[in-house]
Amino acid sequence: MPELVRYTRRDDVALITIDNPPVNALSPGVPESLQAAIRQAEADGEVKAIVLIGAGSTFIAGADIREFGKIVSGERPRLSLLPFLQTIEDSSKPVVAAIHGQALGGGLETAMSAHYRVIAPGAQVGQPEVKLGLIPGAGGTQRLPRLAGVIKALEMCAAGEPVKAHDAVAAGIADRIIEGDLLDGALTFAREIASAPPPKTRDREEKLRNALPMVFDFAREQARKKGRGMRAPLAAIDAVQAATQMSFEDGCRREAELFNECLYSNESKALIHAFFAERAVSKIPGISKETKTFEIRRAAVIGAGTMGGGITMTYANAGIPVIVKETAQDALDRGMNTIRKNYGATVAKGRLSQEAMDHRLSLITPQLTYDGFENADIIVEAVFENLEVKKEVFRELDKIAKPECVLASNTSSLNIDEIASATTRPQMVIGNHFFSPANVMKLLEIVRGKATGKEAIATSMALGKKLGKVTVLAGNCHGFIGNRMVGPYVREAQFLVEEGASVEQVNDALYNFGMAMGPLAMDDLAGLDVGWAIRKEFERHQKPGVRKPLVADLLYEQGRFGQKTGRGWSKYDANRKPSADAETAELIEKTARQAGIERRNVPDQEIIDRCIYSLVNEGARILEEGIALRAGDIDITYIYGYGFPAWRGGPMFYADTVGLKNVLDRIREFERKHGAEFWSPAPLLIRLAEEGRTFEQFDIEKEAAVLTS
Ligand code: T1G
C-alpha cells in the first residue's frame, strides 16, 4: 500500500507530502497519517519549521466524498477531522501549507489550521461543500472568517465558489504568492518565519468583531435567491454567524450540528449523486482510454442560425478555428451579427476582454462555399430540422470530407441511422445535440447510430469536455433522452390547463418544485411553433383517436408562438416579463367546454406528480431500452439540459427518494383516470418497485439482457 503521507526533511524544515491520487482527498488513513507526521516533526530536534504540500496536480481537494454515503448508511462511523487539524494548529513548530491546484473543503480547512499559507499563482481555494448539500465540517466556518473577515467567509461558504490565488492573498486567506517552484518558495518562507511563535488561526478574532446583523440577513436573502429551495447555504450562514457569537470550540460544535443536519438530508444525497453521476457519464462500456480518438484541430459548421451560430461560438471559445457556412449572404451576415452581438454583450458585462472577443472572432471564417471543408476534423450540420434536407447535406459532405473527419448532426430528434445512410461512412456519423443557446447550455447529447464507430464516439466525448460541455451518450430513438422525455412532460402540462388548472398555477407549481421555469413558460421560450412541429412528429407515432393537447395547436394556429411573438401561454412585455393572458384563459375554457372536458380545481401536487412522473416513466423506458447507459445519465441530462433542480438529484434520483413503489402506485392511479396510452407503467419501474430496488441500483450492463429476454 503506497504511503498516503510521506515525511522527509530538507535540512531544518520537515516536509510532509500528502499522496492520495487523484486529488489527495482526506480519505480514511490520510488524516491519521498527517497527524502522525506532524508529531514526528515536533519530536525531530533538527526541525525548525514544517511544510505541508500535495503530491501530483493539487493540494487537498477535500474530504473523500465517497465516504459520506457509507456514513449515512451506517457502514462507517463519522470521523471528525477537527482533532487532526487541531494537532496541526497546536504544533509547537510553525506549519506552512503550500497550495497548488485546489485547496477545497477539508483541504482549505487543513490549510487554515496551519499557521501560514503560501500559494501558486494558478491555484484556487474554496469551501464548495454547499454544492454537495453540505457545509464545511472541519472548522472552515470558524477559521475562514478569522482570516478573511465575515463578509468574505459568508460569500465563500454560502455560494461555494472558489477564490483565485491573488484574491486569497488580498482577503488574508493566504500569506504569499510563490512564483516559480512552489516547494522552494515554501521552504524559504518557512525559514523566514521559523523563529516566530506560530500564529494560531483560532486566536485571530479581530476580524470577527462588529459584524452587523444585517450582513447575515442580506446573506440569507442572497442565498434564498441563488440556491432557491436549498437548505445548505442557509446552514452555512448560520455556522459563520456562530463564529461571531461564541467561542471557537462552541462555534465548532454548532458547525458540527448543522453539518450533521445537512449530511442526512435528501438534498445532500441528491447533490452527491449528481456529483458522481456527472463524472460517470464519460464511462462507456467498450470504450476506454486506449480507444483511438481523432485530433480536432479544425471544425466546420453548416448553418449560421440560432443553433449553428451558437455551435460556432462554442468552438471558437475552445480555441478551435471554425468555418461557418450558409447558403445566402444575408443569412450569413445575420448569423455573424448575432455572434458579434453575443460576444459584445459578454464584454459589456466585464466577463470577456475585448482582446479575447477579437481573438475568438478571428477564429471564425464565415463563407458561402465548402472551401476548406476538406481539411476539417469535424463538421457539424445545423440546418433546418428536416430529414431530407439533412440527408442531402450529408450526401454532399460524404464527397468532400476527409476519411477521418467526424460528421456530426445537431438534430434534436431525427433518426441518426437515416442520416448516416446518406453517406458511405456511417461509422463516422454521430449526433451532437446541443441545447439552445449552444454557447451557453452545458449539456451536449452525443447520439450513437447503430453503425457509429467507437472512435467517433470517443472523439465526441473527449471533444465535448474540451468544449466545456457535460456530454451524455444517447442511443438513437425519437427524441434521444432529453426531448423524448420532455414530450410527455409538456403534454401533461397542456392537458392540466384544459382540465382546470391555470397557466400560472401549472408554471408556479413546477417552479416551486425547483424547476428553472414552469413547463408552459419553457414552451413559450422554445417557441410554440417549434413545439407544434415536434408534437406533430410525435403524433405520427401515436395510435389514432388518442387524446391530443387542443389549446397548444390553437395558439399555434393563431400565430401566438410565445416569447418570440409576445404572446403564447402567457403574454410578454418588451423585457420578456410574463403575465397572465386573459385571452389564453378564455380560449382554454372555451376549448375545454367544446371538447366536453369537465373543468375542476387541480391540486398542485397532482400537477407536480403528473409532470414529473411522466418524465420518470419515460425515463424508465429509455433505461430499459438501453438508450441511456444509466439512470444517472438521465438525471444529468435533466439537470444540465432542462433546469431540473440538482438538489433533487434529477428525475430518476427524485423518484428513488420518493420510493418507486409510491411512484408506481401514483402512476397506476393516473393510468386508471387518464388511460394506458400515456400512463401504462414502464416494465422496469414495475420490476424495480416489486424488488424494492432503485433506479440507481439498476445496472444496464448486467441486467439489460434479462429485461429483453
Ligand atoms: N472525494 C472523492 N473523490 C473525488 C473528490 C473528493 N473530494 N474530488 C474529486 N474526486 C474524484 C472524482 O470523482 C474523479 O473520480 C476524480 O477525482 C477526478 O475528479 C470536511 C465535508 C478537485 C476541482 O467538493 O471539485 O471536504 O471519475 O473529474 O475536473 O468540511 O474534482 O476519475 O473516478 O472532477 O480535475 C469538498 C470536489 C468535499 C471538491 C478536480 N471538496 N472535487 O476537478 O477532476 S466535502 C469538493 C472537485 C469536504 C469538509 C467537507 C473536482 C476538482 P473518477 P474530476 P477535475
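Residues numbered from 1 in each chain as written. Predicted model: local features only at pLDDT ≥ 70, side-chain atom pairs only at ≥ 80, totals over all residues. Heavy atoms only, no water.

A. Molecular detail of the overall build of the protein. Per the secondary structure count, the protein includes 31 helices and 19 strands. A compact globule built from 709 residues should have a C-alpha radius of gyration of about 27 Å, and the protein, at 28 Å, falls within 12% of that. Sequence separation of at least 24 residues holds for 73% of the intrachain contacts in the protein that already meet a minimum separation of 6. Separation between the mean location of the 88 positive side-chain charges and that of the 94 negative ones in the protein comes to 1 Å. (Helix = DSSP H or I, 4+ residues; strand = E, 2+ residues; numbered from the N terminus. Rg over C-alpha atoms; globule rule 2.2 N^0.38 Å. Contact = heavy atoms within 4.5 Å. Lys, Arg positive; Asp, Glu negative; His and termini not counted. Charge placed at Lys NZ, Arg CZ, Asp CG, Glu CD.)

B. Spotlight on the packing of aromatic side chains. For the coordinates displayed, the defined rule picks out 12 aromatic pairs. Of the aromatic side chains, those joined through ring pairs into one cluster are Phe435, Tyr638 and Tyr642. Between the NZ or CZ atom of arginine 547 and the centre of the ring of phenylalanine 495, over which it lies, the distance is 3.8 Å. Sitting over the face of the ring of phenylalanine 513, arginine 648 holds its NZ or CZ atom 4.1 Å from the ring centroid. (Phe/Tyr/Trp six-rings, centres within 6.5 Å; stacked < 30°, edge-to-face > 60°. Lys NZ or Arg CZ within 6 Å of the ring centre and 35° of its normal.)

C. Highlighting the site of the ligand. Contacts to the ligand come from 27 residues, most closely from Ala63, Gly106, Glu109, Gly137 and Arg279. Within the backbone of isoleucine 65, an N or O atom sits 2.9 Å from a nitrogen atom of the ligand. Interatomic distance of 2.7 Å between a backbone N/O atom of glycine 137 and an oxygen atom of the ligand. Within the complex, 73% of the 1,000 Å² of free accessible area of the ligand lies under protein. Only α2 (66-72), β5 (102-104), α4 (106-113) and α12 (266-280) provide two or more residues apiece to the shell around the ligand. With 3 residues, the top contributor of residues to the shell around the ligand is α12. (Near = heavy atom within 4 Å. Polar contact = N/O pair within 3.5 Å; in protein donor to acceptor, adjacent residues only side chain to side chain. Areas by Shrake-Rupley, 256 points an atom, 1.4 Å probe, with all protein chains shown as cover.)

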